[in-house]
Amino acid sequence: MAYGGGGGGGGGSGGRAIRVLNVAEKPSVAKAVSGFLSKNQQGGLRVRDGRSRYNRIFEFNHTINGQPCHMSFTSVTGHLMELDFDDRFRRWHSCDPVDLYHASVRKFVPEDKSDIRRTLEEEARKCQWLILWLDCDREGENIAFEVIEVCTQANRNLNIWRARFSALIEREIQNSLQNLVRPNQLFADAVDLRQEIDLRIGASFTRFQTMFLRDAFMINLATDDRNLVISYGPCQFPTLGFVVERYWENQSHEAEEFWTINCTHNTDEGTANFKWMRGHFFDYTCAAIVYEMCIQEPTVTVTEIKEQEKLKYPPLPLSTLELEKRASRFFHMSPAHTMKVAEDLYQAGFISYPRTETDRFSEKTDLRAIVFEQQGHPLWGSYAQLLLNPEAGLWRNPSSGRRDDKAHPPIHPTRFSPGESGWSRDHHRLYELVVRHFLACVSQPAKAAETSVEIDIAGETFSSSGRVIHAKNYLDVYTFESWGGSMIPTYTLGQQFMPTTLTLDSGVTRPPPLLSEADLLTCMDKALGQMQRCMSTYRSCLIDIMQ
DNA sequence: GCAAGGTC
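The structure displayed is predicted, hence computed values, not measured ones.

1. Digging into the domain arrangement of chain A
- Considered domain by domain, chain A is made up of domain 1 (18–190), domain 2 (257–313 + 446–508) and domain 3 (320–441).
- Between the C-alpha centres of domain 1 and domain 3 the distance comes to 29 Å.
- Between domain 1 and domain 3, the residue contacts involve 10 residues of the former and 11 residues of the latter.
- For the pair domain 1 and domain 3, the two sides together bury roughly 940 Å², of which 49% comes from carbon and sulfur.
- The tally of links from domain 1 across to domain 3 stands at 3 salt bridges.
- Where Asp135 meets Arg355, a salt bridge forms, and the shortest distance between an N and an O atom there is 3.3 Å.
- In this structure, the connection of domain 1 to domain 3 is made through 7 residue pairs in polar contact (both at pLDDT 80 or more).
- Of the residues that constitute the side of domain 1 that touches domain 3, the class distribution is 5 nonpolar, 2 polar and 3 charged.

2. A short note on a nonpolar patch on the surface
- Side chains of Tyr538, Leu542, Ile543, Ile545 and Met546 sit close together on the surface and give an oily, nonpolar patch of about 560 Å² of accessible area.
- Relative to the helices and strands, Tyr538 resides in helix α13 (residues 517–546).
- Given a relative accessible area of 52%, Tyr538 falls into the exposed group.

3. Some details on the sheet that holds strand β7 (residues 129–133)
- Taking strand neighbours across the sheet as the criterion, the 6 strands line up as β2-β3-β4-β1-β7-β8 in an open arrangement whose pairing is mixed. Of all strands in the sheet, those with a lone pairing partner are β2 (46–48) and β8 (159–162), marking the two edges. Strand-to-strand, the axes of this sheet are offset by a mean angle of 30°, without reference to chain direction.
- In the sheet, β2 pairs with strand β3 (residues 57–64) via 3 bridges, with the strands oriented antiparallel. Residue Arg46 lies in a different strand from β3, and its bridge partner there is Glu59.
- Contacts between helix α1 (residues 27–38) and the sheet are confined to β1 (18–24), β3, β4 (67–75) and β7, with β3 contributing the most and set at about 40° to the helix.
- Sitting on the sheet, helix α4 (residues 170–178) is in contact with β3, β4 and β7, with an inclination near 65° to β3.

4. Observations concerning the layout of surface pockets
- Of the voids in this model, the second largest pocket is the one considered here, and its volume is about 210 Å³.
- Considering the residues around the second largest pocket, the lining is formed by 14 residues, among which Glu307, Thr451, Ile488, Pro489 and Thr490 are closest to the centre.
- Contributions of two or more residues to the lining of the second largest pocket are made by β11 (300–312), β12 (446–457) and β13 (460–471).

5. Thoughts on the UniProt feature "domain: Toprim" (unreviewed entry) in chain A
- The sites that UniProt annotates as "domain: Toprim" (unreviewed entry) are residues 19–166.
- Across residues 19–166, helical content stands at 28% and strand content at 29%; the span's end C-alpha atoms are separated by 25 Å.

6. A look at the packing of aromatic side chains
- Scanning the model with the defined rule gives 22 aromatic pairs in all.
- Between Phe73 and Trp133, the ring centres sit 5.7 Å apart and the planes meet at 40°, which makes this aromatic pair tilted. Of the two residues, Phe73 sits in strand β4 while Trp133 sits in strand β7, which places them 60 residues apart along the sequence. The burial state of Phe73 is the same as that of Trp133; both residues are buried.
- Consider the rings of Trp259 and Tyr284, whose centres lie 5.2 Å apart with planes at 65°: the pair is edge-to-face. Linking Trp259 in strand β9 (residues 257–267) with Tyr284 in helix α7 (residues 284–296), this pair joins segments that are 25 residues apart in sequence.
- Classification of Tyr284 by relative accessible area gives partly exposed; the value is 45%.
- Ring-pair connections join several aromatic residues into one group, and the members of that group are Phe330, Phe331, Tyr474, Tyr478 and Phe480.
- A cation sits over an aromatic face here: Arg106 above Phe108, 4.4 Å from the ring centre.
- In this arrangement the basic side chain of Arg182 is found over the ring face of Trp161, its NZ or CZ atom lying 3.6 Å from the centre.

Conventions we followed
- Residues numbered from 1 in each chain as written.
- Chains lettered and ligands numbered in written order.
- Predicted model: local features only at pLDDT ≥ 70, side-chain atom pairs only at ≥ 80, totals over all residues.
- Heavy atoms only, no water.
- Domains from an automatic or database assignment.
- Contact = heavy atoms within 4.5 Å.
- Buried area = accessible area lost by both parts, 1.4 Å probe.
- Salt bridge = Lys/Arg side-chain N within 4 Å of Asp/Glu carboxyl O.
- Polar contact = N/O pair within 3.5 Å; in protein donor to acceptor, adjacent residues only side chain to side chain.
- Nonpolar A, V, L, I, M, F, W, Y, C, P; charged D, E, K, R; others polar.
- Patch = residues over 30% accessible without salt bridge, like charges linked within 9 Å, V, L, I, M, F, W, Y side chains within 5 Å.
- Areas by Shrake-Rupley, 256 points an atom, 1.4 Å probe, with all protein chains shown as cover.
- Helix = DSSP H or I, 4+ residues; strand = E, 2+ residues; numbered from the N terminus.
- Buried < 20%, exposed > 50% of the residue type's maximum accessible area, 1.4 Å probe, protein only.
- Pairing = 2+ DSSP bridges.
- Axes fitted to C-alpha atoms, helices over the stretch in contact; angles between N-to-C directions.
- 1 Å grid on protein atoms, 1.4 Å probe; cavity = no way out; pocket = protein on both sides within 12 Å on 5 of 7 lines; lining within 4 Å.
- Points joined across faces, edges and corners; volume = space filled by probe spheres on them.
- UniProt positions renumbered as here; feature names shortened; annotations may be inferred.
- Phe/Tyr/Trp six-rings, centres within 6.5 Å; stacked < 30°, edge-to-face > 60°.
- Lys NZ or Arg CZ within 6 Å of the ring centre and 35° of its normal.

Put into structure tokens, the structure is as follows:
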């Protein structure tokens, strides 16, 4: 890769330090990265204030691929720019809501971000290079181009680079600085498009339905001090749809009585509960007739015995969606809170970047090194040691999911911690989940022997099964999941006995439960997958047509 | 007065 060259005497300036402006997405990242990069550098780390009181500027010396650099490191706070309609469309009655689909829009730096803009302009004028340290997701790429726009307006000759990193740990940061790439315009464009669609649909529908419903229900603004805006956004509606759909199913459910036949058998080895293979009948008379036949001739004959080894596999490597679902299931943490806590852990360097779709590890990842780090933990350290011991036979290369966002690895621990004093209970729990999940991924599945027995009573079939766990394996460390064992007595084929009980039982159908947050995430993910498949079909159709 | 995405 050819560094320098392009802008205002980069690498070619004969050993003289070039001035580099570095920009992160948030102040904490600017501080953390500056901390790593200024280590062991002459002059250490200096800090000064910029125009914005939250976004300070860190300064230090560094060398990029042999080129001495003077680094200034500042930050933005998320998006620098906003998208909105031109002023003449801003008032609600200025146009028909449908006109908002072609009204002109503009992207600009809002008033409360103008101090950050000034800092960027002033610093950009002094620099030859610009390195973008924004989060490595689509929004980050879009913010990168917002920063580029502001900076290049102040200095046309900037040589612009993108640092890519998935964890706020020193090794990763040093590595990304020595392997700079160019920013990706296509990712940024995708976000611009999403912003425009959200704005046009949201504003036009919200104005339309608010005004329409006000008139329809004759709500008088003068006497009603509620600020009634009935908002519509492309993001809310699928979510609301799933929630409401399930609610309606739940409400319209009519409980229905059903009947089933159960059989139990006690021996000195234990009890077997046999379930009727027909499930249940909604018609009492039918069930009663069959039951009557069984009672007349209640002798049981064992007709089939199946024994097989059953495996329960560890989960796939951890993506954001799974992290949210599991934190919701295991700890009742809301997805929003989970992501806040995960972000804290990421910023302190304990886990990798928590926003990832990837559920497969790259072959280059040194999985054993990650396990190695965890050996000293009081709770799971001994399990980590066992994993690394080849004689234990516990290790297994992790399964690979089908998703790869090509930007970040699955969420995994990046730094050992026995727990930090500043952590809340949820920080502890989430770190524990990430570590235990990772250790589970590289472990053997749990193994059990399952026996299923089928019996015949008067021509009706019943079945029961028992399970004996032979090796818990990953379940020893993944304590959030369990796999119950159950014993049933030993039977032989053709054996005959009398049932201990043979009963006709009734039950009532239950409505489907309201959607949990974890269920909702699953619905959204499924719908996203369907949409992506549609899009890809559509895309190949277009390509066909064009050829 | 409107969206959704960043972040303080």
